[in-house]
Amino acid sequence: MQVPAPFEYARATSVQDALELLERHGPESHVIAGGHSLLPMMKLRLARPEWLIDINDLAELRHITEDAGVLRVGALTRHAALLGSDVVGRLFPIVHDAEKVIADPVVRNRGTIGGSLGQADPAEDLTTVCDVLRAQVVIVGPAGERVVDVAEFHRGPYETACEQNELITEVRFPIRTGSASAYEKVERRVGDWAVAAAGAAVQLGDDGTIADAAIGLTALGLEGLATDAAAVLVGQRPSEDLIAEAARLAAEASSPVEDQRGPVDYKRHLADELTRRVLRRALERVGATATAA
Amino acid sequence: MQVTMTVNGTEVTRDVEPRLLLVHFLRETLGLTGTHWGCDTSNCGTCVVLVDGEPVKSCTALAAMTDGHEVRTVEGLAQGAAGGGTLDPVQQGFMEEHGLQCGFCTPGMMLTARALLDREPDPDEATIREAISGQICRCTGYATIVRSIQWAAAHPAAAPTEQEVVA
């Protein structure tokens, strides 16, 4: 039987209250939202917080709001709510692609976007999605609010810019006209972590060339975006040859490790193939047709 | 600490350790052993109960986090007194279509099915399979579970229990 080590529990009534509780109970206090990453770690005694600060009552962190040029998503927004949101699907189809393959439907009822990003598991899907969409994370702490780019937020496996006495409150996605995105993952079975996954976003210029592109990889040993791969796309007309070249560079930028989910050459092959697929799909969604090779 | 929640329509208040998981609160503190405790890692889904109408894996929730909420377990599916009440169409469906063999996954499967049908009374097969995809059955190959849920969708009014038929 897996049981967490003893801890004290407090339920926050507001963002301010959560910050005060974190401050009062010190470095061994930890925020809990959906709990689907933290509780399993506590059961395995990989995490042993002395205090849990439950933020599930903070309705002010549960919003999906389309503003001028930006989609604001509250940190406590559940995976299921993201998947059920029409505005999210319309503006950022990559989020729906990813959410369909994050854990399973029951887990998605509890897990949150803030929790996923905060956990920063290297095989976590939303980090890649946020990278590709060049999202920003809003963090509040004793010194007030700050907004950091996802690239800066994510400091490596299980490490982020959010300090122990701070709280992730919102994720902001810039809305770009003439753009689309896609995500695809290979997993051994429903609910498993990715063997490998890739995400891409593209923006088309008025002349039909690619104005901007971003490519990210999950569970493939790449921190941040595959910048060289995206760079070859910019200024070019979409074509199968171009997609193949970008995918080749993305695979080259990956550095997968062999584990029970597969050997290195297989994972590098997936980096190539999945990058092709997400680029094709993102281009299709934005209305471009890649000319055949 | 003290927690108060509504379980199958009845308000309960108990003193618990903050680290007590919801599944153990239901099974051991309240004696409601219909909720099964399986993998302990939020993979198998036999511990699924409804919290405020939504399926949740109760091995990965604290009783403390459920304070103030409404829980429905497999014991709360049938309407009326135990033995003499009316089975939920989902329970009837699992009987009609042999939706279980060993029965270990059944409580979680039935509650997920109930939540699905509450949200979507006439789901297609793909929707049913997606809804139960976070739950593992090692007996049926899922085919009869899918048929059981389809049966329940086709018979939304609770069917009489065998006892009532006999009476």
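Use the structure listed above.
The residue numbering used here restarts from 1 in each chain and proceeds along that chain's sequence as written. For this description, chains carry letters from A and ligands carry numbers from 1, given in the order in which they are written. Per-residue local features are limited, in this predicted model, to residues with pLDDT of at least 70; the limit for side-chain atom pairs, both in listing and counting, is 80 or more; totals at the level of whole chains, interfaces and linings are taken over all residues. Excluded from the side-chain calculation are hydrogens and water; included are all heavy atoms of the structure.

## Quick look at the interface of chain B and chain A
Then comes step 1: We call two residues contacting when some pair of their heavy atoms lies within 4.5 Å. Facing the 30 residues of chain B at the interface are 31 residues of chain A.
Then comes step 2: For the pair chain B and chain A, the summed buried surface comes to about 2300 Å²; carbon and sulfur atoms form 60% of the total.
Then comes step 3: Any carboxyl oxygen of Asp or Glu that lies within 4 Å of a side-chain nitrogen of Lys or Arg is treated as forming a salt bridge with it. Inspection of the chain B/chain A interface yields 3 salt bridges.
Then comes step 4: In protein, a polar contact means a hydrogen-donor-capable atom and an acceptor-capable atom, both N or O and within 3.5 Å, with residues adjacent in sequence counting only if both atoms are side-chain atoms; elsewhere, any N or O pair within 3.5 Å suffices. Counting the contacts that link chain B with chain A gives 11 residue pairs in polar contact (both at pLDDT 80 or more).
Then comes step 5: The way it works is that DSSP assigns letters per residue, a run of H or I at least four long becomes a helix, a run of E at least two long becomes a strand, and they are numbered from the N terminus. Of all the elements in the fold, those that place two or more residues in the side of chain B that touches chain A are β4 (54-57) and α4 (125-131) of chain B.
Then comes step 6: Ranked by residue count, the leading element in the side of chain B that touches chain A is β4(B), at 4 residues. Accessible surface is computed with a 1.4 Å probe, and the buried area is the amount of it that two parts give up when combined, taken over both parts together.

## Observations regarding the sheet that holds β4(B)
Residues and elements named next belong to chain B.
Then comes step 1: Between any two strands, pairing holds if DSSP finds at least two bridges. The 5 strands are arranged β2-β1-β5-β3-β4 in an open sheet whose pairing can be described as mixed. Sheet topology places β2 (10-15) and β4 at the edges, where each strand pairs with a single neighbour. Going from strand to strand, the sheet's axes swing by 40 degrees on average, the running direction of each strand aside.
Then comes step 2: Here strand β3 (residues 48-51) pairs with β4 via 4 bridges, running antiparallel. Residue pairing for β4: valine 51 is matched across the bridge by glutamate 54.
Then comes step 3: The sheet contacts of helix α1 (residues 22-29) involve β1 (2-7), β2, β3 and β5 (70-72), and relative to β1 the element is tilted by about 80 degrees.
Then comes step 4: Running at roughly 35 degrees to β3, helix α3 (residues 106-119) makes contact with β3, β4 and β5 of the sheet. Lines fitted to C-alpha atoms define the axes here, with helix axes fitted over just the stretch in contact, and angles between the N-to-C directions of these axes take values from 0 to 180 degrees.

## Describing the packing of aromatic side chains
Residue and element names in this part refer to chain A.
Then comes step 1: Centre distance within 6.5 Å is the pairing criterion for rings of Phe, Tyr and Trp, where only the six-membered ring of Trp is used; planes under 30 degrees apart are then read as stacked, over 60 as edge-to-face, and the remainder as tilted. As enumerated under the stated definition, the model contains 1 aromatic pair over all chains in all.
Then comes step 2: On the numbers, 5.5 Å between centres and 40 degrees between planes, the contact of phenylalanine 92 with phenylalanine 173 is tilted. Of this pair, phenylalanine 92 sits in the loop between α4 (86-91) and α5 (93-99) while phenylalanine 173 sits in strand β10 (residues 167-174); the two residues are 81 residues apart in sequence, bridging distant segments of the chain.
Then comes step 3: Here the term buried applies to any residue with accessible area under 20% of the maximum for its type, exposed to any over 50%, and partly exposed to those in between, with areas from a 1.4 Å probe on protein chains only. On the basis of relative accessible area, phenylalanine 92 is assigned to the buried category, the value being 4%.

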